[in-house]
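In case you want the letters, here they are:
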Amino acid sequence: MRLTHHLLLLLIIICLFSMPALAYYQKLSWNSTFYSGANDIITDSSSNAYVASYTSDPYFAFLKIDNNGQIVWNISLTDQTGSALGIKVDSNNSILITGYKNNDIYITKYNSSGSHIWNASYDSGSFDIAYDIGADSYDNVILTGKTLNYDSIFTRKYDPEGDDTWTQTYDPAGFDGAEGIAIDSQDNIYIGCSGGVSE
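What the rule picks out here adds up to eight aromatic pairs. Consider the rings of Tyr100 and Phe127, whose centres lie 5.6 Å apart with planes at 70°: the pair is edge-to-face. Taken together, the residues Tyr100 in strand β5 (residues 95-101) and Phe127 in the loop between β7 (116-122) and β8 (128-135) connect sequence positions 27 residues apart. When the ring of Tyr122 is compared with that of Phe154, the centres are 4.5 Å apart and the planes differ by 35°; the resulting orientation is tilted. Here Tyr122, found in strand β7, pairs with Phe154, found in strand β10 (residues 152-158); they are 32 residues apart in sequence, far enough to count as distant. Residue Tyr122 is classed as buried on the basis of its relative accessible area of 14%. By relative accessible area, which is 0% here, Phe154 ends up buried. Taken together, the ring pairs connect Tyr50, Phe60, Phe62, Trp73, Tyr106 and Tyr110 into an aromatic cluster. When the ring centre of Tyr106 is taken as origin, the NZ or CZ atom of Lys101, which lies over that ring, is 4.3 Å away.

What follows is the structure, given as structure tokens:
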């Protein structure tokens, strides 16, 4: 019995001291400084990284970084204040960015070279914000967030050309915003919501 306890104690000690040791083998390859902050990041099939960001003004901003940490291009939309909050890459390596501009939900699509393809916005009449974005197997675009005009969770779908196909607003009890989206291989859409307190 004592031998078993000693072996168990030895095993715990080995595990505790081994875990930090393993972490030392993770070496930082590069780092990059840009704008005022990063809200979301995604990679494409060539290991380039795309970052949803904002400037100090603040303006809606995003950029591409290659796998050596070099900034390939960066874009800030300075016509209105806002912030890019969610970013995804579709099957053609087109970049989809969403967030808000001037209190409206904003979405834009660029190709991997940094050329603009299309953009769209949504205004409920109050402050609206999209937190996350995704693409299904047909490269349709789905974004989600919240609209304060209806105090509701907001989800909208666009086709690959930027035309909206449907909009859903819903207000489940105890939730006050949608902050994450996932789309499975069957194109089912999953929305992650934040909790709230209703009075």
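We now examine the confidence of the model for the protein. When pLDDT is averaged along the protein, the result is 82, and 79% of the positions lie at 70 or above. This stretch, residues 1-23, has a pLDDT under 50; its non-local contacts, to residues over four places away or in other chains, come to zero contacts.

The next thing to look at is the side chain of Ser152. Relative to the elements of secondary structure, Ser152 occurs in strand β10. In this structure, Ser152 is in contact with Gly145, Lys146, Thr147, Thr169, Tyr170 and Asp171, ignoring residues within four places of it in sequence.

Bringing the pairing of strand β2 (residues 49-54) into the picture now. Summarising burial for β2: five of the six residues are buried, a large majority. Of the pairings in the sheet, the one linking strand β1 (residues 37-43) to β2 comprises six bridges and is antiparallel in character. For Ile42, the partnering residue across the bridge sits in β2 and is Tyr50. Count of turn residues in the β1/β2 antiparallel hairpin: five residues, of which Ser47 carries a positive phi of about 70°. Two strands pair when backbone bridges link them, and β2 and strand β3 (residues 59-65) are joined in this way by six bridges, in the antiparallel orientation.

Reading guide: rules and limits
- Residues numbered from 1 in each chain as written.
- Predicted model: local features only at pLDDT ≥ 70, side-chain atom pairs only at ≥ 80, totals over all residues.
- Heavy atoms only, no water.
- Phe/Tyr/Trp six-rings, centres within 6.5 Å; stacked < 30°, edge-to-face > 60°.
- Helix = DSSP H or I, 4+ residues; strand = E, 2+ residues; numbered from the N terminus.
- Buried < 20%, exposed > 50% of the residue type's maximum accessible area, 1.4 Å probe, protein only.
- Lys NZ or Arg CZ within 6 Å of the ring centre and 35° of its normal.
- pLDDT = per-residue confidence, 0-100.
- Contact = heavy atoms within 4.5 Å.
- Pairing = 2+ DSSP bridges.

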